[in-house]
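Each chain, letter by letter, is given below.
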Amino acid sequence: MVKTPGVVRIAAVGDIHLGRAAHGPPIQTLFAQVAERADVLALCGDLTDRGDPEEGRQLGRALAAVGVPIVAVLGNHDHESSKVPELSRILSDAGVQVLDGGDAFEVHGIGFAGVKGFAGGFGRRALGPWGEECIKLFVREAVDEALKLETSLSKLRTERRVVLLHYSPIVGTVEGEPREIYAYLGSSRLEEPLIRYPVDVVFHGHAHHGTLEGKTVGGVTVFNVSLALLQRSFPDAPPFRVIELRTGQERREDGQIERRMDRQTDRRAEAQAGRRGVES
Ligand SMILES: [Fe+2]
Ligand SMILES: [Fe+2]
C-alpha cells in the first residue's frame, strides 16, 4: 500500500559494491530510511564487488529487512565470479525481483523493465560490428541487451513504466568521467527501446564519476544513481535518490492522456541538484 494515494515513490541506487573496503556507508545503515521515504526500492547493479555469493548473502540479509518491494538489475561486478545464477537466487530468496529482460515486474501500478546493458559508446562514435570476430561479439552483446529490454517493454501494459539499467543509455550521464572511458560506460543501443516504447523514467549506475541527470533524444529523464555520485552530490541526504511518479491518468482538454512525473522530492537534494560534485 502506497502512503500517498496516486503517488508512488521510488528510491533508487546502484554501485553498492558490497565487499569493497571503504565504499559507501555500512550495509546495515544503507537502507535504513528507505521504508519511510519510498514505496519501492530499485537497485541498479554492481550490488556486490566481485559477484561472490557470500557478498550476496550479506546484501540479502540487509535487503530482507527493508520493508518495501525491491527490484534490481545486476552489474558487471556482479558477473566477476561467473556465479550469476547463484547470486540471483540468493537475492531472490531475500525478496528481490532480479530483472534480466523477460517479464517485467509490476508493483503499485508501475511496470519495471530492466537489463544490465553493455558498453560500446554513444552516437556516431559507437563501436560497429565490423572486422574481427571478437569485435562483432562485443557489439552483439550490446545489441542483445537492447533487444531483451525492448521485448520486456513491449509486454508491459502498466500506465507508468520505469527502466533499470546498469550501463548508461546516453552520454549525458557519463559526462564527468575521463573521456577515454566513455565507450566502456554505456551504449546508445540501449536508448533505442526507450525511443520506441513509452517510458517515464530511467535509472542506471556504473558511471561513478558521471552526471546526475540527462535526457534521451525523446525527452525521457535518465538518472545516474551511482552511490558514489549521490554521496558526493548530496552528502547530507540518504544514500539513494527518491523520485515520485503519479499514477492515475490525467486527461487534457484535447482528450490526450497526459503522462506526468514529479521528480526529486527531497528539497535539500533538489537545491543541490545543479551542483555536480564530480571528482575523477
Ligand atoms: Fe560500479
Ligand atoms: Fe559497473
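Starting from 1, residues in each chain are numbered consecutively following that chain's sequence as written. Lettering of chains starts at A and numbering of ligands starts at 1, both following the order in which they are written. With the structure being a predicted model, the display of local features is reserved for residues of pLDDT at least 70 and the display and counting of side-chain atom pairs for 80 or more, all residues being used for whole-chain, interface and lining totals. Side-chain figures throughout are based on the complete set of non-hydrogen atoms in the structure, without hydrogens or water.

Digging into the overall build of the chain
1) Next: The numbering of helices and of strands both runs from the N terminus, where a helix is a DSSP run of H or I of at least 4 residues and a strand a run of E of at least 2. Secondary structure assignment for the chain yields 9 helices and 14 strands.
2) Next: Only protein chains enter the calculation, and the probe is 1.4 Å; a residue is then buried if its accessible area is under 20% of its type maximum, exposed if over 50%, and partly exposed in between. In the chain, which comprises 280 residues, the share counted as buried stands at 52%.
3) Next: In short, Shrake-Rupley with a 1.4 Å probe defines the accessible areas, and a residue's cover is counted only from the protein chains shown. With the model as given, the accessible surface of the chain reaches about 12,600 Å², and the carbon-plus-sulfur share is 49%.

Thoughts on the nonpolar core
1) Next: Grouped together as the largest cluster of nonpolar side chains are 53 residues, with contacts concentrated most on Phe31, Leu41, Leu43, Leu63, Phe112 and Phe203.
2) Next: Among residues more than four places away in sequence, those in contact with Phe31 are Ile16, Leu41, Leu43, Leu59, Ala62, Leu63 and Val66. Residues enter a nonpolar core if they are buried and are Ala, Val, Leu, Ile, Met, Phe, Trp, Tyr or Cys, with the set joined through side-chain atoms within 4.5 Å. We call two residues in contact whenever any of their non-hydrogen atoms come within 4.5 Å of each other.

Quick word on the coordination of the iron ion (ligand 2)
In an ideal octahedron of six donors the angles at the metal are 90 or 180 degrees, and in an ideal tetrahedron of four donors they are 109.5 degrees.
1) Next: Note: metal donors comprise N, O and S atoms at 2.8 Å or less from the metal (3.2 Å for Na, K and Ca); water molecules are not included, so apparent gaps in a site are possible. Distances from the iron ion (ligand 2) to its protein donors, Asp46 (OD), Asn76 (OD1), His166 (NE2) and His206 (ND1), fall within 2.1 to 2.2 Å.
2) Next: All geometry calls rest on donor angles, where a four-donor set with angles between 85 and 135 degrees is tetrahedral, four- and six-donor sets with opposite donors more than 155 degrees apart and all others between 65 and 115 are square planar and octahedral, and all else is irregular. One way to put it: the 4 donor atoms around the iron ion (ligand 2) meet at angles of 88 to 153°, and that makes the site irregular.
3) Next: Sequence positions of the donors to the iron ion (ligand 2) reduce to the motif D-x29-N-x89-H-x39-H.
4) Next: Here the iron ion (ligand 1) and the iron ion (ligand 2) are spaced 3.4 Å from one another, each receiving a donor from Asp46.

Here's the deal with the sheet that holds strand E7 (residues 160–164)
1) Next: For two strands to be treated as a pair, DSSP must find no fewer than two bridges joining them. Within the open sheet, the 6 strands sit side by side as E5-E6-E7-E8-E10-E9. Their pairing is mixed. This sheet does not close on itself; its edge strands, each paired only once, are strand E5 (105–107) and strand E9 (213–215). Sheet twist, expressed as the average angle between the axes of neighbouring strands with direction ignored, equals 25°.
2) Next: Packing against the sheet, helix H5 (residues 133–155) makes contact with strand E6 (110–114) and E7, and its axis sits at approximately 165° to E6. Convention adopted: a line fitted to C-alpha atoms gives each axis, helices being fitted over their contacting stretch, and angles between N-to-C directions are expressed from 0 to 180 degrees.

Some words on the coordination of the iron ion (ligand 1)
1) Next: At the metal site, the iron ion (ligand 1) is ligated by Asp15 (OD), His17 (NE2), Asp46 (OD) and His208 (NE2), and these contacts range over 2.1 to 2.2 Å.
2) Next: Taken together, the 4 donor atoms coordinating the iron ion (ligand 1) and their angles of 91 to 170° define a geometry best described as irregular.
3) Next: Within one chain, the residues serving as donors to the iron ion (ligand 1) are arranged as D-x1-H-x28-D-x161-H.
4) Next: A relative accessible area of 1% means that His17 is categorised as buried.
5) Next: For Asp46, a relative accessible area of 1% gives the class buried.

Structural notes on the packing of aromatic side chains
1) Next: Here a pair means two rings of Phe, Tyr or Trp (six-membered ring of Trp) with centres within 6.5 Å. Their orientation is stacked below 30 degrees between planes, edge-to-face above 60, and tilted elsewhere. Under the definition given, this model contains 4 aromatic pairs.
2) Next: Seen in terms of ring centroids, Phe118 and Phe138 are 4.8 Å apart; in terms of plane orientation they differ by 55°. Their pairing is tilted. Of this pair, Phe118 sits in the loop between E6 and H5 while Phe138 sits in helix H5, placing them 20 residues apart in sequence.
3) Next: Aromatic rings pair up to connect Phe118, Phe138 and Tyr167 into one cluster.

Considerations on the pattern of salt bridges
1) Next: By salt bridge we mean one thing: a side-chain nitrogen of Lys or Arg within 4 Å of a carboxyl oxygen of Asp or Glu. Counted under the stated rule, the structure contains 13 salt bridges.
2) Next: Residue Arg50 pairs with Glu55 through a salt bridge whose shortest N-O separation is 2.8 Å.
3) Next: The buried category is assigned to Glu55, whose relative accessible area is 3%.
4) Next: Linking Lys155 and Asp103 is a salt bridge whose minimum nitrogen-to-oxygen distance equals 3.4 Å. Placement of Lys155 in helix H5 and of Asp103 in the loop between strand E4 (96–98) and E5 is noted, with a sequence separation of 52 residues between them.
5) Next: We classify Asp103 as exposed; its relative accessible area is 58%.

Some points on the confidence of the model for the chain
1) Next: Per residue, pLDDT measures the predictor's confidence, with a range of 0 to 100. The predicted model of the chain averages 89 in pLDDT, with 88% of residues at 70 or higher.
2) Next: Predicted confidence for residues 250–260 stays below pLDDT 50, and this span has 16 contacts to residues more than four positions away or in other chains.
3) Next: Note that residues 262–280 has pLDDT below 50 and, in this model, 50 contacts with residues that lie over four places away or in other chains.

Some thoughts on helix H4 (residues 84–93)
1) Next: What H4 keeps buried is the set Leu87, Ser88, Ile90 and Leu91. End-on view of H4: buried residues confined to an arc of 160°, all on one side of the axis. What points out from H4, more than 90 degrees from its buried face, is the exposed set Pro85 and Asp93.
2) Next: Its buried side turned inward, H4 meets helix H3 (53–63) and E4.
3) Next: Backbone geometry just downstream of H4 places Gly95 in the positive-phi region, at approximately 95°. Think of the arc as the fan of directions from the helix axis to the C-beta atoms.

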